[in-house]
Amino acid sequence: MSRTKILHTLIFLSFILLLQSCTEEKFLFAINRVKVKNYPVDTPFVYNNKINIDGKISKDEEARLQENLVSYWSDSLYARRVQKLGYRYILKKPPVFDTSFISTTRSFMNSFLFSQGYFNTAISDTFHIDTVRKGSKPPQYRTTVEMNIDVGKRVIIDSFGYDLQNTGLQRIAKITSKASKITPGKTPYSKEVLGAELDRLVDIYRSRGYYLLQRSNLVTVVDTGNIALLNLTVDPFEQMRLAEQAQQKKQENPAATVSIQQRRLADTANSTQDTSFLRRFYTGNIYYFPETYITELPDTILKHTALYKTHNFRNYSVYYMQGLFRPKIFRQFNFLHFERLYNDNLFYKTVNTLNQTGAWKQVDTRTVIRGDSLDIYYFLYPDRKQNISYNLEASRNTGDVLTSSNFFGLALNTTYRNRNVWHNAVQSSTSFVNGVELSLNQSQTNSLIQAFQISLGQTYSFPRAFIPFKIKRPGRFDFGRTVISANASYADRRDYFRLRSFVADYGYDWKKKNKVWQTRFPNIELYALDTLPLLVQAFEQNPFLRNSFNTGKVISARGSLVITYPGKTNITNYVRFSSELSVPWLYKISDRIYEFVKAEAEYRKTINMHKTVLATRAFAGIGYNYHVSQSLGITLPFYKQFIAGGPNSMRAWGLRQLGLGSSLLSDTSTTFTDRYGDMQLEANVEYRYPIAHYSSLNLGGAFFVDAGNIWNVRKDTDNPKSEFSINRLGKDVAIGVGTGLRFDFNYFLIRVDMGIKLKDPARLENNGWLDIAHFTWRNHEFDKYNDEGKLISAKRNNYAVQLGIGLPF
């Protein structure tokens, strides 16, 4: 079979798997798509379930209802299918069809729709039985059950307010009403919306001292009647007219009046005299037990506190035996203060902060009411102080699976961790990385080992911020730490270069709700490069490479902000901004210090559907060297530049094998073909679907489209068409499409992707687009041969195979 036929076959099979994963009701490709096992003999059984929704609702709302209503079929009326191998379903022991369970299902679905604000729902049902005979086996009486639902119009919350008997609760509710997600006249009625409002109020009350108040103490009162009918009139015909108008208005624009009230004490589990949930509490004594062991019970410890040594401070006390932790460190973890109103949010903030330090693997708490005060006990279970871990990483970046292959990388990462340095809960991490890159095709190279890298790094993380100024209201941040790190590395790429580097920085990490900030200043980077013969030869053939391999010193400040937030149902969003600015004017001290500015922005969106996932990503980055010199060139330092290609970028290209723009300089080079740019634009879309499940392995597939490239921001006569130009953007953008497999072992994921260069800016024919009718695995446009007929230029494939660990984004 030819290579073209193999490619078309792979694409066709992958397309079948994609359609198969979309839905169970559509795209019936094979006769035995659903295999029935252990079915009832000589009696109808449930084979298929369908829900047909009618009503003036949006497609998104219809999809949401379809997805939720599936859970409201009666178990005895639902055919549960299990997907196998991605292209077929198994139906085991289907239930016997019994019409009595239709009314049960109708009741379940009607209750759900009522909770979503559909008060005038009409549900009807139909079913039909098909007889299927297969060989000598008993005939199958397959029953398809359909529920036809006319949801009508959804009720809108027309009026919303608070009617709480306690003046304190009523005042707080009105003050914080602007934070409510309910907008009268716009918000649709649903059980979830009202429940969220109750949770919001309970959270606010408990953060203002109402420690005993629970959600069960509040209730939502919903009224769908028309207040106009309460107007008295002596004319009975007028009263009838008003009633008819109210009924018509109710059908055309159904609305409800909602109020939040205190539940009557007789309706709760409390006695009719219990009003303790209306009491406000103050923070009392705070106790820390930082040396609690997993075999000890908190209640037992409280009975034997006399056995412990004690350190008492203004706001807290520490009980210990061995002195594993300095008592003073708990001041920075304590957000509650003695004799102030108890705050539930600050209580959990303290617990979360203690969990995030890394010194303790578990935090347990006890609270004791003492008058109008609340004494709080924290029991901290220390994690193992020291440990050594080993991680073996392997990667193979692009290779011709039919004729040849490139490099295979192998790295061993050894990490030593100390979780309680100097008894201050300081985290220490020492890492040693030793990696090699092997040539799997020694017919083109003279040595098995093509690259060698070794690095040693040290990081200290302090659970507090050491800053020269005072932060106003530090309690508004969820967690903060000071980070000091240093790393030294040595890399040797055979016959090309030897690179030595030392990087050190100092900075802070802190978090507030869904935002995570990171700053580093100073950030000091020192580099030294030895050029070897093949790199010198590459400089002669490609003078522009000299700019990419200029080394100097970097003294800069770095910062980043990461924001994660949910969208609609089953949607998550991720936004990242980062920047780096070198300290200006240092070139007056030394001409080997870079001066540049660099910025990046990234956005990711993940949509989790019923069984599949649609993931999208957009990235933009740019850097500018604002002090041009002969010694450092006109670009960013190459270790700060952008690269494209590889398992996590443009997957149809090898690592550093795309760009710059539509320049042909690197593609026509016979030696060094790596590319680095000062600007990058990239967009990715990936559709992920399940294929099969085997024990602890989940096998999944994916289709993806990658688009983007890298450019220079300055024009260079030695490398034409490498600078960014909006007029040439359509020509410069590269597009890759492909498919892949994901081997998910729960604790790690191995990914194999194959990408096809649909549009290659370095392809001369067809304006860069792939000619599918005349597809070839190799691009021979720039092949160069010596006098003996041996290929001396780099092989340019129209595809790439990538091996990666974890998801690409």
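Located above this text is the structure these notes cover.
Numbers given to residues run from 1 along each chain, matching the order in which its sequence is written. It should be noted that, the model being predicted, local features are given only for residues of pLDDT at least 70 and side-chain atom pairs only at 80 or more, the latter also being counted only at that level, while totals for whole chains, interfaces and linings use all residues. Side-chain measures here rest on the full set of heavy atoms in the structure, leaving out hydrogens and waters.

Chemist: Would you mind going over the overall build of the chain with me for this structure?
Modeler: The helix count covers DSSP runs of H or I at least four residues long, the strand count covers runs of E at least two residues long, and both are numbered beginning at the N terminus. When its secondary structure is counted, the chain shows eleven helices and 30 strands. Each residue is placed in one exposure class: buried if its accessible area under a 1.4 Å probe, protein chains only, is under 20% of its type's maximum, exposed if it is over 50%, and partly exposed if it falls in between. In the chain, which comprises 809 residues, the proportion classed as buried is 43%. Contact definition: two residues touch when any of their heavy atoms are within 4.5 Å. Restricting to contacts in the chain with at least 6 residues of sequence separation, those with at least 24 account for 66%. The Shrake-Rupley method, run with a 1.4 Å probe, gives the accessible areas here. Residue values count only the displayed protein chains as cover. Of the roughly 42400 Å² of accessible surface on the chain, 55% is carried by carbon and sulfur atoms.

Chemist: Help me out: how do you make sense of the nonpolar core in this one?
Modeler: The nonpolar side chains of a soluble globular protein tend to be buried with one another. Grouping buried Ala, Val, Leu, Ile, Met, Phe, Trp, Tyr and Cys residues that are joined through side-chain atoms within 4.5 Å yields what is termed a nonpolar core. Membership of the largest hydrophobic core comes to 26 residues, with the highest contact counts inside it found for Leu65, Leu69, Met109, Leu113 and Ile149. Those elements that place two or more of their residues in this core are strand 1 (34-37), strand 2 (45-54), helix 2 (59-69), strand 4 (88-92), helix 3 (100-115) and strand 6 (140-150). Ranked by the residues each element gives to this core, the list is headed by strand 2, at five residues. Setting aside its immediate chain neighbours within four residues, leucine 65 contacts Ile53, Ile57, Phe112, Leu113, Tyr118 and Val151. Core analysis: the second largest hydrophobic core is formed by 24 residues, Phe325, Ala359, Val363 and Leu374 among them.

Chemist: Where do I start with helix 9 (residues 533-541) in this structure?
Modeler: For the α-helix, the turn length of 3.6 residues means that residues three or four positions removed from each other point alike. Burial in helix 9 covers these residues: Leu535, Ala538 and Phe539. Here the buried residues of helix 9 occupy an arc of 105° about the axis, which is enough to place them on one side. Of the residues in helix 9, the exposed ones pointing more than 90 degrees away from the buried face are Pro533 and Glu540. What the arc describes is the spread of directions from the helix axis to the C-beta atoms.

Chemist: Which parts of the structure should I look at to understand the sheet that holds strand 14 (residues 373-382)?
Modeler: Hydrogen bonds along the backbone pair up the strands of a sheet, which may run parallel or antiparallel. Read from one edge of the open sheet, five strands run 11-12-10-14-13, paired in mixed fashion. Every other strand in the sheet has two partners, leaving strand 11 (309-312) and strand 13 (360-370) as the edge strands with one partner each. Neighbouring strand axes in the sheet, compared pairwise and without regard to direction, differ in orientation by 20° on average. Strand pairing is defined by DSSP finding a minimum of two bridges between the two strands. With ten bridges joining them, strand 13 and strand 14 adopt antiparallel strand pairing. The residue bridging arginine 366 from the neighbouring strand is tyrosine 377, located in strand 14. Here, axes are lines fitted to C-alpha atoms. For helices the fit covers the stretch in contact, and angles between N-to-C directions go from 0 to 180 degrees. In the packing of helix 8 (residues 344-356) onto the sheet, contacts are made with strand 10 (282-289), strand 13 and strand 14, and the angle to strand 13 comes to roughly 155°.

Chemist: In this structure, what is going on with the packing of aromatic side chains? I would like to understand it.
Modeler: In this description, an aromatic ring pair is defined by two values, namely the gap between the centres and the angle between the planes. Two rings from Phe, Tyr or Trp (for Trp, the six-membered ring) form a pair when their centres are within 6.5 Å of each other. A pair whose planes differ by under 30 degrees is stacked, one over 60 is edge-to-face, and the rest are tilted. The tally for this structure, following the rule as stated, stands at 39 aromatic pairs. The aromatic ring of tyrosine 496 is capped on one face by arginine 493, whose charged end is 5.4 Å from the ring centroid. Above the face of the phenylalanine 704 ring, arginine 651 is positioned so that its terminal group lies 3.9 Å from the ring centre. By definition here, charges over rings are those cases where NZ of Lys or CZ of Arg is within 6 Å of the ring centre and within 35 degrees of the ring normal.

Chemist: For this particular structure, what's the right way to read a positive patch on the surface?
Modeler: Patch building starts from residues that exceed 30% relative accessible area and form no salt bridge, then joins like charges within 9 Å and nonpolar side chains (Val, Leu, Ile, Met, Phe, Trp, Tyr) within 5 Å. When a carboxyl oxygen of Asp or Glu lies within 4 Å of a side-chain nitrogen of Lys or Arg, that pair is called a salt bridge. Only four residue types enter the tally: Lys and Arg on the positive side, Asp and Glu on the negative side, with His and both chain ends excluded. The location of each charge is read from NZ of Lys, CZ of Arg, CG of Asp or CD of Glu. Together, Lys35, Lys37, Lys92, Lys93, Lys134 and Lys137 make up a positively charged patch on the protein surface. In this structure, lysine 137 sits in the loop between strand 5 (122-132) and strand 6.

Chemist: When you look at the packing of helix 2 against helix 3 in this model, what are you seeing that I'm missing?
Modeler: Between two packed helices, the angle of one axis relative to the other and the distance separating the axes together describe the packing. Packing of helix 2 against helix 3 brings their axes to within 11 Å, and their N-to-C directions diverge by 140°. If you check the angle between helix 2 and helix 3, you find them oblique. Classified by chirality, the crossing of helix 3 by helix 2 is right-handed. Contact residues: helix 2 offers Leu65, Asn68 and Leu69, while helix 3 offers Met109, Phe112 and Leu113. Residues are grouped as follows: Ala, Val, Leu, Ile, Met, Phe, Trp, Tyr, Cys and Pro are nonpolar; Asp, Glu, Lys and Arg are charged; every other residue, Gly included, is polar. Considered class by class, the residues forming the contact of helix 2 with helix 3 number five nonpolar, one polar and no charged. By definition in this entry, angles of less than 35 degrees are roughly parallel, angles greater than 145 are roughly antiparallel, angles of 65 to 115 are roughly perpendicular, and the rest are oblique. It is the rotation of the near helix from the far one that decides the hand of a crossing: anticlockwise by less than a right angle makes it left-handed, clockwise makes it right-handed.

Chemist: It is not clear to me how a nonpolar patch on the surface should be interpreted in this structure. Could you clarify?
Modeler: A contiguous nonpolar patch, built from Ile388, Tyr390, Leu392, Leu410 and Leu412 and spanning about 520 Å² of accessible area, is present on the exposed surface. Every element with two or more residues in the nonpolar patch is listed here: strand 15 (386-397) and strand 16 (407-421). For the nonpolar patch, the element with the highest residue contribution is strand 15, accounting for three residues. Its location among the elements puts leucine 392 in strand 15.

Chemist: I tried to follow the environment of isoleucine 329 on my own but got confused; where do I start?
Modeler: With respect to the secondary-structure elements, isoleucine 329 resides in the loop between strand 12 (317-320) and helix 8. Classification of isoleucine 329 as buried rests on a relative accessible area of 5%. Dropping the residues within four chain positions of it, isoleucine 329 is found in contact with Trp360, His423, Asn424 and Ala425.

Chemist: Honestly, helix 3 in this entry has me stumped. Any pointers?
Modeler: For helix 3, which comprises 16 residues, the first-to-last C-alpha distance of 24 Å matches the rise-based estimate of 22 Å (1.5 Å per residue) to within 8%. Taken residue by residue, helix 3 has Ile102, Thr105, Met109, Phe112, Leu113 and Ser115 as its buried positions. Around the axis of helix 3, the buried residues are gathered within 160° of arc, so they sit on the same side. At its buried positions, helix 3 is contacted by strand 2, helix 2, strand 5, strand 6 and helix 5 (191-206). Directly beyond the C-terminal end of helix 3, a positive phi value near 95° is found at glycine 117. Helix span, expected: 1.5 Å multiplied by one less than the number of residues in the helix.

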